[in-house]
Amino acid sequence: MTVTTQSLVVGQQATGTDITVPVIRFQGQGRGPRTYIQANVHGAEVQGNGVIHHLVQLFKTHPPFGDVVLVPMANPLGINQKSGEFTLGRFDPVSGENWNRQYHFDPALVQQLARDMADASEQELAQALRQGIARQIEDKLASPFGVKSGQHLALRLQKMALEADIVLDLHTGPISARHLYVPEYARERAHLFNIPLNILIPSDFAGAMDEASFSPWWQLSEALAKQGRAFPVMVDAFTLELGSQEYLNVEDAYRDALGIVRYLQHRGALPKFDVPLPEMTQYACYLDDYRAVYSPCGGQIEYLATLGQPLAPGEPLARVWHFDALMTGDRESRELTLPEAVIPVLHFASASVRQGTELFKVLSHHFLL
Ligand SMILES: [Zn+2]
């Protein structure tokens, strides 16, 4: 088995220094789907790097069937974006844009292929779609008008992911239970990751890596279905949210590496070997039912609900304190509750909030995956 490592240039600092990401390539045995996995595109979300550490060890002893590309620490700009103790790397500090909303997808390309190549073979269509997207990415990067810093990074990462049949983007929430974004067409295999909370998402594109990876294939499948042709969605892409930001636990990361291994084995990307994972209850809801809870007032927050555990109607999510009201006779605190059953997935990382802060995200109208 051949393993190569490379420092890929994804940008340049004001001082002229190149910005690079580490790329690890396992050359497969020429069969099975190709896999691309990246971690830490949001600077504070480091747990995925621990997962990639374990995957490297596992792939060394169990060589993958198809090629695998691993990119830990995929966003050096975000990782180095510190303010005091904290890492801020979710948004480009210059433009304010989310680092994970700058990938490329042009639905017109899909429509054109569905129109002009409706009778072509699956392989011809797949090749034309990949080549078409690759050309668009090259054209963007070569544009005489230039592209944004975030696009220099995103488009180069996407070029590598474009070669893969399976794309996994490893993130975390702020303070968060483990959860998974599942494209609806891949619902039956989502349980393999062994992640307790699952959000089922449609074929829309909003700029994220998972969407940029599956949307072209899914929308091509939908466009051809309208013409009466069954065409499989040929690329699987998931965003895994592996707990909280600013937190690294490499021992825990092993469990998520095993979940990924089990999924890759199922897809025929890896040889079978024993993967000891405990059975767990897995919940899901649709994206529209993945609700934010905004703070009804400013104040200081005592977070009460246990993340990942079902919460009955009327049970408190949090207590909001108004310490300015001590001894004034006004209400010092109030409980934040919801009138329906939910599962809290994540909460804001700070205890001080102003009115309208997104305090929690919860699964509502949830069901078993
Ligand atoms: Zn993230």
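Residues numbered from 1 in each chain as written. Predicted model: local features only at pLDDT ≥ 70, side-chain atom pairs only at ≥ 80, totals over all residues. Heavy atoms only, no water.

- Within an unreviewed UniProt entry, the label attached to the protein reads Succinylglutamate desuccinylase/aspartoacylase family protein, and the organism entered is Ferrimonas sediminicola.
- Quoted verbatim from the Cofactor (unreviewed entry) field of UniProt, the annotation for the protein is "Zn(2+)". (UniProt positions renumbered as here; feature names shortened; annotations may be inferred.)

### Brief notes about the domain arrangement of the protein
So, point 1. Taken domain by domain, the protein consists of domain 1 (2-280) and domain 2 (288-368).
So, point 2. Just the C-alpha atoms count here: the centres of domain 1 and domain 2 sit 32 Å apart.
So, point 3. At the interface, 12 residues of domain 1 touch 13 residues of domain 2.
So, point 4. Roughly 920 Å² of surface becomes buried between domain 1 and domain 2 when both sides are summed, with 74% attributable to carbon and sulfur atoms.
So, point 5. If you sort the residues of domain 1 by the area they bury against domain 2, I175, L197 and I199 come out on top, with a joint share of 48%.
So, point 6. Across the domain 1-domain 2 interface, the total number found is zero salt bridges.
So, point 7. Between domain 1 and domain 2 we count two residue pairs in polar contact (both at pLDDT 80 or more) in total.
So, point 8. Only β8 (175-176), β9 (179-183) and β10 (197-201) provide two or more residues apiece to the side of domain 1 that touches domain 2.
So, point 9. It is β10 that contributes the most residues to the side of domain 1 that touches domain 2, four residues altogether.
So, point 10. Its residues assigned to classes, the side of domain 1 that touches domain 2 shows seven nonpolar, four polar and one charged. (Domains from an automatic or database assignment. Contact = heavy atoms within 4.5 Å. Buried area = accessible area lost by both parts, 1.4 Å probe. Salt bridge = Lys/Arg side-chain N within 4 Å of Asp/Glu carboxyl O. Polar contact = N/O pair within 3.5 Å; in protein donor to acceptor, adjacent residues only side chain to side chain. Helix = DSSP H or I, 4+ residues; strand = E, 2+ residues; numbered from the N terminus. Nonpolar A, V, L, I, M, F, W, Y, C, P; charged D, E, K, R; others polar.)

### Description of the coordination of the zinc ion
So, point 1. The zinc ion binds to the protein through H42 (ND1), E45 (OE), E45 (OE) and H171 (ND1), with metal-donor distances spanning 2.0 to 2.7 Å.
So, point 2. For the zinc ion, the four donor atoms in the first shell make angles of 54 to 146° at the metal, so the coordination geometry reads as irregular.
So, point 3. Donor residues binding the zinc ion come from one chain and are separated in sequence as H-x2-E-x125-H.
So, point 4. Taking the relative accessible area as the measure of exposure, H42 reaches 3% and is therefore buried. (Donors = N, O, S within 2.8 Å, 3.2 Å for Na, K, Ca; no water. Tetrahedral: all angles 85-135°; square planar, octahedral: opposite > 155°, others 65-115°. Buried < 20%, exposed > 50% of the residue type's maximum accessible area, 1.4 Å probe, protein only.)

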